[in-house]
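Chain by chain, the residues run as shown.
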Amino acid sequence: QVQLVESGGGLVQAGGSLRLSCATSGRTFTYATGWFRQAPGKEREFVASIIWSGGSTAYDDSVMGRFTISRDNANNTVYLQLNSLTPEDTAVYYCAAWVLPSPLRRVAPAYWGQGTQVTVSS
């Protein structure tokens, strides 16, 4: 089992920044960790991912250049730095983990966190 706990969400004005954290416990060896988000009335969508071994990252086009995903191997924590936020970024952000090597954009993660709310005011 893998437990994922998100933190760092909140209310921020447009143009502002936030940093989300995802702490991993339990089975700490996973292939990759990523972030998804779900806005009201919309489907959950991929935001970014990072592979633990090697640090390869991937981003959705909507956040490329504004969001940065990173990892702290020693503390089994993944971060998502959100910059230049817009109201369209308002959503619940979920941390997720893939256990086995997978094409991350096509295979659903095996584990999910509870989510953290990000609200961007205009």
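Everything below is about the structure shown above.
Here's what I pulled together on the structure shown here. Note that the structure is a prediction, hence the values are computed from the model and not measured.

This brings us to the sheet that holds strand 3 (residues 18-26). A sheet is described by the order of its strands in space; here four strands give the open sequence 1-3-8-7, paired in antiparallel fashion. Whereas interior strands pair on both sides, the edge strands pair on one side only; in this sheet they are strand 1 (2-7) and strand 7 (67-72). Sheet twist, expressed as the average angle between the axes of neighbouring strands with direction ignored, equals 20 degrees.

When you line up the elements, Thr 68 lands in strand 7. What Thr 68 contacts, discounting residues up to four positions off in sequence, is Tyr 59, Tyr 79, Leu 80 and Gln 81.

Right, let's get into the nonpolar core. Ranked by internal contacts, the top residues of the largest apolar core, which has 28 residues, are Trp 35, Val 47, Phe 67, Ile 69, Leu 80, Leu 82 and Tyr 93. For this core, the secondary structure elements donating two or more residues are strand 1, strand 3, strand 5 (45-51), strand 7, strand 8 (77-82), strand 9 (91-98) and strand 11 (116-121). Here this core gets four residues from one element, more than from any other, and that element is strand 9. Once you skip the residues sitting within four places of it in the chain, Leu 82 turns out to touch Gly 16, Ser 17, Leu 18, Leu 20, Arg 66, Phe 67, Tyr 93 and Val 118.

Let us now look at the packing of aromatic side chains. As enumerated under the stated definition, the model contains four aromatic pairs in all. Taken together, a centroid distance of 6.0 Å and an interplanar angle of 40 degrees make the contact between Phe 36 and Trp 98 tilted. Taken as a pair, Phe 36 in strand 4 (residues 32-38) and Trp 98 in strand 9 lie far apart in primary sequence, 62 residues in all. Relative accessible area serves as the criterion here: at 10%, Phe 36 is assigned to the buried category. The cationic tip of Arg 44 hangs over the ring face of Tyr 94; the distance from NZ or CZ to the ring centre is 3.9 Å. We note Arg 44 situated over the ring of Trp 112; from NZ or CZ to the ring centre the distance is 4.5 Å.

Taken as a whole and judged by the stated rule, the model has four salt bridges. With its nearest N and O atoms 2.7 Å apart, the salt bridge here joins Arg 37 to Glu 45. Exposure remark for Glu 45: the relative accessible area of 35% places this residue in the partly exposed category. Notably, a salt bridge pairs Arg 37 with Asp 89, separated by 2.9 Å at the nearest N-O pair. One end of the pair, Arg 37, is in strand 4; the other, Asp 89, is in the loop between strand 8 and strand 9, with 52 residues separating them in the sequence. Take Asp 89: its relative accessible area is 2%, and that puts it in the buried class.

About the criteria used
- Sequence positions are assigned chain by chain, starting from 1 and proceeding in written order.
- Confidence filtering applies because this is a predicted model: local features only for residues at pLDDT of at least 70, side-chain atom pairs given and counted only at 80 or more, and all residues used for totals across whole chains, interfaces and linings.
- Note: side-chain values were computed over all heavy atoms of the structure, leaving out hydrogens and water.
- Strands were regarded as paired on the criterion that DSSP finds at least two bridges between them.
- The secondary structure listing takes helices from DSSP runs of H or I that are at least 4 residues long and strands from runs of E that are at least 2 residues long, numbered from the N terminus.
- Fitting a line to C-alpha atoms yields each axis, with helices limited to the stretch in contact; the angle taken between N-to-C directions then spans 0 to 180 degrees.
- In this description, contact between two residues means that some pair of their heavy atoms is separated by no more than 4.5 Å.
- For this analysis, a nonpolar core means a set of buried residues of the types Ala, Val, Leu, Ile, Met, Phe, Trp, Tyr and Cys, connected via side-chain atoms within 4.5 Å.
- Residue exposure (1.4 Å probe, protein chains only): buried if accessible area is under 20% of the type maximum, exposed if over 50%, otherwise partly exposed.
- Geometry of aromatic contacts follows a simple scheme: Phe, Tyr and Trp rings, the Trp one being its six-membered ring, pair when their centres are within 6.5 Å, and the pair is stacked under 30 degrees between planes, edge-to-face over 60, tilted otherwise.
- Note on criteria: charge over ring means Lys NZ or Arg CZ within 6 Å of the ring centre, with the direction from the centre no more than 35 degrees off the ring normal.
- Any carboxyl oxygen of Asp or Glu that lies within 4 Å of a side-chain nitrogen of Lys or Arg is treated as forming a salt bridge with it.

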